[in-house]
Each structure stands twice: as C-alpha cells, then as structure tokens.
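Take a look at the letters that make up each chain.
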Amino acid sequence: MALLAFTGNRFLADETLRETLEARGLNARDLPRFSGDDVNADTLGPHLAPSLFGDGGVVVDFEGVKPDKAFLELLVAAPVTVAVLDEAPPATRLKLYEKSGEVFASAAPSKPGDVTGWVVTRAKKMKLPLEKDAASYLAEVFGSDLAAIAGELHKLELLGGPLDRQRVQGVVGREPPGDSFAMLGAATAGRPGEAVLQLRRLLASGEDPFRLLGAVVWQYSLIARTVGLIQQEGRVNDTVAAQRLGIKPFPAKKALEVARRLSEKRIQGHLSAILEADLAMKRGLDPQVALERLLVQLSV
C-alpha cells in the first residue's frame, strides 16, 4: 500500500517514523518490527498481507543489513504500509525509495556546532529557556547522541527558570570530554591552566598518555607545516590550507587557529620541548607529569 523510507540521524528518523505512522492511523509500537537477521523474505512474508480489518504494516530496520534487489521489490509490492528505517542509504536505494514511495529525510548533525544548533531548536520547540552556552555544553558532553540529549532536555523540563550552562551541568553531572586541539590551542595562547584541564579530562576518559603524546606530535607537525604555508602565501583560509596540506577542513581550521599565533622560531622551541617530553616518558617519568610540564613549556 505504501513504502515509507526514513533517513538521517537514527534517533530523529525513528521519531519521524512514529509521528508519520500515527498521523496515518497506525501505532508504530503495535506493528511488527524486524531488524538484523530477521530482515529476509521468509520472515517478513507472512506480515506483508493486509489484515481482516484493512491496512496492516511492518517496520523494517536496515541497520547492518544489505538488502538485495529482490527483497526491496518485495517491500515495494507489499499491499500494506512498509516503514523502512535506513539512516544513510546508497544512491541506488534512495532512488528506489523516491520512485516507489515516500522519503522522509531527517537531519544528521554530527559536528559540535551543528549539534548545538539542533539542541537550541529543540529546546525552543519544547519552550525550554535553555541558553546557547548550555546547549553547547550538551553537545560537548554527548556529541551526536541525540537520544541522550533529548532525554536530558526532558529532565530539564521539570526545572523552572533560566537554564544556563552551570545549572544544566549540575543536573547532567558530566564533565565535557577533553579536546586535544583545544588543549594545544590553550597552551599556545598562554593559558596553561586551561590546557592542563583539557589534558586531565582526556586522561580521565581513558586516553593512553603515549597515544596522546603521539596526537600532540601529529598536530604540532601539522601546525608547523601550516606556519610554513602562511609564511609562503600570506593570508590563508581553511579551504586553502586543507587543499595545500592534504587534510580535511576541520583539522585545517584548528591548525590555522594555532599557527597564526606562532612564529618559526617559537615552533622550533616547542618541537624541542615535545622531543624532551617524549624522551622523559620513555625513561620512566610519570606520563601525566611529563605532559603537564610540556603544556606549560608550550604556553611560554
């Protein structure tokens, strides 16, 4: 009767699926739902016929499944409503959905700024007085786990008054994960306290100190190359830096933010400090002490 495909972020796609089916007189919770190994013609076949009371329906979850052409044609020809949850279908499958049914595309925010924007919009719909800084905190803590963020927003509905970052953090009770680029950015901007805080968050989250130093080496080599690029070409934007250095725009942007504050002479001094930290850790010095000392040296 109808093939309905729901794409985008899994949480949002599933939410849209339930709302769409409800608007059509169907309750998603009452429909049989198939996923994993159960997504096959033999298992679904008996459920693709209408009931005595008219239209029936099924929900098919394609996560981790690669349906073949014959199975897709079976769903398209079904005389019942078939709701397909398919987060990121390939172009050929998406074309089939568009030709044979309806596609309901949800957003798929993943970058911190995009997730923050989604939180702000959702809070407004819920009439929550959530400040943008608090929305950013939720994006930092939960990343692209929109289901977890939605759960926290429902808890915050029970509170009255403005919801700033400090108040929301008190309710959620989680520290934002460390950010190695933010750590280096704080150090090179002369904010060793903030840099050490980022380091401690990274270590507390289970980051291996030797791998963390390896990340610092990689990021600093990238920063050094970016400094050289700026000296050669003058003003450089994110896109140009990404193209010249052969990296993605996000790390290029972060490297530029740090590189613009540094000279070739200062970079050389910092690279020497990184080498000293590496040797100290290999000789048995407490890794956290060595890394904290390094961050202080990078902030000078």
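First, a word on what this report is: a plain description of the structure on this page. (Residues numbered from 1 in each chain as written. Predicted model: local features only at pLDDT ≥ 70, side-chain atom pairs only at ≥ 80, totals over all residues. Heavy atoms only, no water.)

### Examining the side chain of S299
Right, so step 1: Tracing the backbone shows S299 in the segment after α15 (287-298).
Right, so step 2: Apart from residues lying up to four places away in sequence, S299 is in contact with A187, G190, R191, P192 and R266. (Helix = DSSP H or I, 4+ residues; strand = E, 2+ residues; numbered from the N terminus. Contact = heavy atoms within 4.5 Å.)

### Regarding the nonpolar core
Right, so step 1: By size, the foremost hydrophobic cluster in this structure holds 38 residues, and its most contacted members are Y220, I223, L294 and L295.
Right, so step 2: Elements with a contribution of two residues or more to this core: α9 (180-188), α10 (192-204), α11 (209-233), α12 (238-245), α13 (249-259), α14 (264-282) and α15.
Right, so step 3: The leading source of residues in this core is α11, at 8 residues.
Right, so step 4: Contacts of L295, omitting those with residues within four sequence positions, involve M183, A187, A195, V196 and L199. (Core = buried A, V, L, I, M, F, W, Y, C linked by side-chain atoms within 4.5 Å. Buried < 20%, exposed > 50% of the residue type's maximum accessible area, 1.4 Å probe, protein only.)

### Observations concerning the packing of α11 against α15
Right, so step 1: Running from N to C, α11 and α15 cross one another at 25 degrees; their axes reach a closest spacing of 10 Å. The orientation of α11 with respect to α15, classified from their angle, is roughly parallel. When you trace α11 past α15, the crossing you get is left-handed. Residues P209, L212, L213, V216 and Y220 of α11 form the contact with α15, whose own contacting residues are P287, L291, L294 and L298.
Right, so step 2: A class-by-class count of the residues in the contact of α11 with α15 yields 9 nonpolar, no polar and no charged. (Axes fitted to C-alpha atoms, helices over the stretch in contact; angles between N-to-C directions. Parallel < 35°, antiparallel > 145°, perpendicular 65-115°, else oblique. Left-handed = near helix turned anticlockwise from the far one by under 90°. Nonpolar A, V, L, I, M, F, W, Y, C, P; charged D, E, K, R; others polar.)

### Quick look at the packing of aromatic side chains
Right, so step 1: Tallying each qualifying case throughout the model produces 2 aromatic pairs.
Right, so step 2: Measuring from centroid to centroid gives 4.9 Å for F6 and F104, while their planes differ by 15 degrees, and the two rings are stacked. With F6 in strand β1 (residues 2-7) and F104 in strand β5 (residues 102-105), this pair connects stretches of sequence that are 98 residues apart.
Right, so step 3: Overall, F6 belongs to the buried group, its relative accessible area being 0%.
Right, so step 4: Judged by centre distance (6.4 Å) and plane angle (55 degrees), the ring pair of F62 and F71 falls under tilted.
Right, so step 5: Classification of F62 by relative accessible area gives buried; the value is 4%. (Phe/Tyr/Trp six-rings, centres within 6.5 Å; stacked < 30°, edge-to-face > 60°.)

### Focus on α11
Right, so step 1: Spanning 25 residues, α11 covers 36 Å between terminal C-alpha atoms, matching the ideal 36 Å at 1.5 Å per step.
Right, so step 2: Where α11 is concerned, the buried positions are P209, L212, L213, V216, Q219, Y220, L222, I223, T226, V227 and L229.
Right, so step 3: Structurally, the start of α11 carries an N-cap: the backbone nitrogen of F210 is 3.0 Å from a side-chain oxygen of D208.
Right, so step 4: Residue G234 follows α11 closely and has a positive phi angle near 75 degrees. (Expected span 1.5 Å × (residues − 1). Polar contact = N/O pair within 3.5 Å; in protein donor to acceptor, adjacent residues only side chain to side chain.)

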